[in-house]
Every structure is written in C-alpha cells, then in structure tokens.
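Architecture at a glance
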Amino acid sequence: MPEELPDTDTYYMGIAFAVREKANCTGNRVGAVIVRGNRVISTGYNGVPEGMTNCLDGGCLRCKNPNGMFSSGTGYDLCICVHAEQNAILSAARFGIAVENSTLYTTMQPCFGCAKEIAQAKISQVVYLHPWVPTDADPEMDRNKKIEYEKIMARIKIKQLSITDPRAEWAVTTLRGKR
C-alpha cells in the first residue's frame, strides 16, 4: 500500500522546518515560506542582515546580552536580527516577486511588527505552528498591544497547525530544556 502524502499545509510547513535550519539567532529560530498558486515563491529565516556578524557569533548586542542590560520584552529596537517573515517578504521584493494574495507558512506565529508588514504586503493567509506570546514589562501596554495585534490579524486569514515539530526544543526559546 502506498504511503499517504502529507496534506498541503503540512507539506509547506515541512519546507519551513527545513528553511529554519539556517536560522542564526540566540532567540527563537523561525522559518517562513511564501506560497502562491501552490508554488513556493520565497523563503526566509531569522538572522542578521547579509554581510554582518551572525547573531550566534555575537553580532547582535541585544542577543548577546539576554540577561544583562535588557530585561524580557525590551531592547528590540537594538536587535539587528531580521525575522523570517520579513526576510521572506524582502527576498520576494528583491527579486520582483509579488506576494499579494499569497499564503505565508511560518514555524512561529508572526510578532506584532511582522503582522503589520504581512498585512501591508497584502498576504492573505498565515499558517503557523507555535504561538507568539508578547512580553512587555508593562501589563497595561501588553494588554493594549494584544488589542492592536488582533486588529491587524483580523485582516488576514489565520490558521494554527497542530502537527509535531521534531526540533521544537531547539527552535523555541520557551521550550528549551523542558524535556
């Protein structure tokens, strides 16, 4: 009996898993794939801009001082890492590939900044695996951020997959060392 093929979402998330292997960040390691017309049109993973010292080699001030000068939820304006979703959108733009009405598969739910960029790029759907949990030192700001985030994400069709991530502990900071 032939082996059953994965459904479309699982297939493209598998590609996002493969792309994620290139992620170079001390934080979450994320892979993203943009699909239009059942074709991969762009990929991205998180890391520093091309030509700069990698995050894992100490290239990012914020990432090399996680417990030092930056408390949880702060200093993101100094982080030089480009998120996987941003890299996928930027790569498409760099090569003149339209992303409007496409689906973005990402191993982690887009953060607030990426959500704005996804909406502005007119990507119509996001399929993700791991949830993004905003952290802010100020609970009132965190509540307001969630409200604004929901306004942005309401413009996009969202779907969370329920599949096993074989490298979750390696990729997601909140899962490291929990097994």
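Residues numbered from 1 in each chain as written. Predicted model: local features only at pLDDT ≥ 70, side-chain atom pairs only at ≥ 80, totals over all residues. Heavy atoms only, no water.

For Asn38, which is not a glycine, the phi torsion comes out positive at approximately 60°. One non-glycine residue with positive phi stands out, namely Asn101, at about 65°. Tracing the sequence through the fold places Asn101 in the loop between α2 (84-94) and β3 (103-108). (Helix = DSSP H or I, 4+ residues; strand = E, 2+ residues; numbered from the N terminus.)

Moving on to the packing of aromatic side chains. Going through the model one piece at a time under the given rule, you end up with three aromatic pairs. Aromatic side chains Trp132 and Tyr149 sit 5.0 Å apart centroid to centroid with 50° between the ring planes, which places their arrangement in the tilted category. On the criterion of sequence distance, the pair formed by Trp132 in the loop between β4 (125-130) and α4 (139-153) and Tyr149 in helix α4 is long-range, its members being 17 residues apart. Each residue in the set Tyr11, Tyr12 and Tyr105 is aromatic and connected to the rest through ring pairs, giving one cluster. Note that Arg167 overlies the ring of Trp170, its terminal NZ or CZ placed 4.1 Å from the centroid. (Phe/Tyr/Trp six-rings, centres within 6.5 Å; stacked < 30°, edge-to-face > 60°. Lys NZ or Arg CZ within 6 Å of the ring centre and 35° of its normal.)

Below, the discussion takes up the side chain of Arg20. The topology assignment puts Arg20 in helix α1 (residues 8-20). A residue is classified by how much of its surface remains accessible, and Arg20, at 1% relative accessible area, is buried. When sequence neighbours within four positions are dropped, the list of residues in contact with Arg20 reads Arg29, Val30, Gly31, Thr107, Asp165, Arg167, Trp170 and Ala171. (Buried < 20%, exposed > 50% of the residue type's maximum accessible area, 1.4 Å probe, protein only. Contact = heavy atoms within 4.5 Å.)

Turning to the pattern of salt bridges, a few remarks are in order. Summed over the entire model, instances satisfying the criterion amount to five salt bridges. As a salt-bridge pair, Arg20 and Asp165 come within 2.7 Å of each other at their nearest N and O atoms. Placement of Arg20 in helix α1 and of Asp165 in the loop between β5 (157-160) and α5 (168-171) is noted, with a sequence separation of 145 residues between them. Judged by relative accessible area, which is 5%, Asp165 ranks as buried. Taking the shortest distance from any N to any O, the salt bridge between Glu148 and Lys151 comes out at 3.0 Å. Remark: Lys151 and Glu148 occur in helix α4; sequence separation between them is three residues, near one turn of the helix. (Salt bridge = Lys/Arg side-chain N within 4 Å of Asp/Glu carboxyl O.)

So, about the environment of Arg29. Within the secondary structure, Arg29 sits in the loop between α1 and β1 (31-36). Look at Arg29 and you get buried, because its relative accessible area is 13%. Put simply, Arg29 and Thr107 are 78 residues apart on the chain and 8.5 Å apart in space, counted from C-alpha to C-alpha. Excluding its chain neighbours within four sequence positions, the residues that come into contact with Arg29 are Arg20, Ala23, Asn46, Leu56, Thr107, Trp170, Ala171 and Arg176. Within the local environment of Arg29, its side chain forms a polar contact with the backbone oxygen of Cys25, the two atoms lying 3.1 Å apart. Looking at Arg29, its side chain comes within polar contact range of the main-chain oxygen of Trp170, at 2.8 Å. (Polar contact = N/O pair within 3.5 Å; in protein donor to acceptor, adjacent residues only side chain to side chain.)

Residues in a regular strand project their side chains so that they alternate between the two faces of the sheet. Across the six residues of β3, six count as buried, placing the element largely inside the fold. Bridge count for β3 against β4 is five bridges, and the pairing is parallel. Across the sheet, residue Leu104 finds its bridge partner in β4, namely Val126. You can see the chain leave β3, run along helix α3 (residues 112-120) and come back into β4, and the turn it takes is right-handed. (Pairing = 2+ DSSP bridges. Right-handed = clockwise from strand over helix to strand, strands pointing away.)

With that settled, the discussion passes to the sheet that holds β5. One open sheet accounts for five strands, arranged β2-β1-β3-β4-β5; its pairing is mixed. Strand pairing shows two members of the sheet lacking a second neighbour, β2 (39-45) and β5, which therefore form its edges. Pairs of neighbouring strands in the sheet enclose a mean axial angle of 20°, with direction left out of account. Summarising the sheet, β1 and β3 pair through four bridges and their orientation is antiparallel. If you follow Ile34 over to β3, its bridge partner there is Leu104. (Axes fitted to C-alpha atoms, helices over the stretch in contact; angles between N-to-C directions.)

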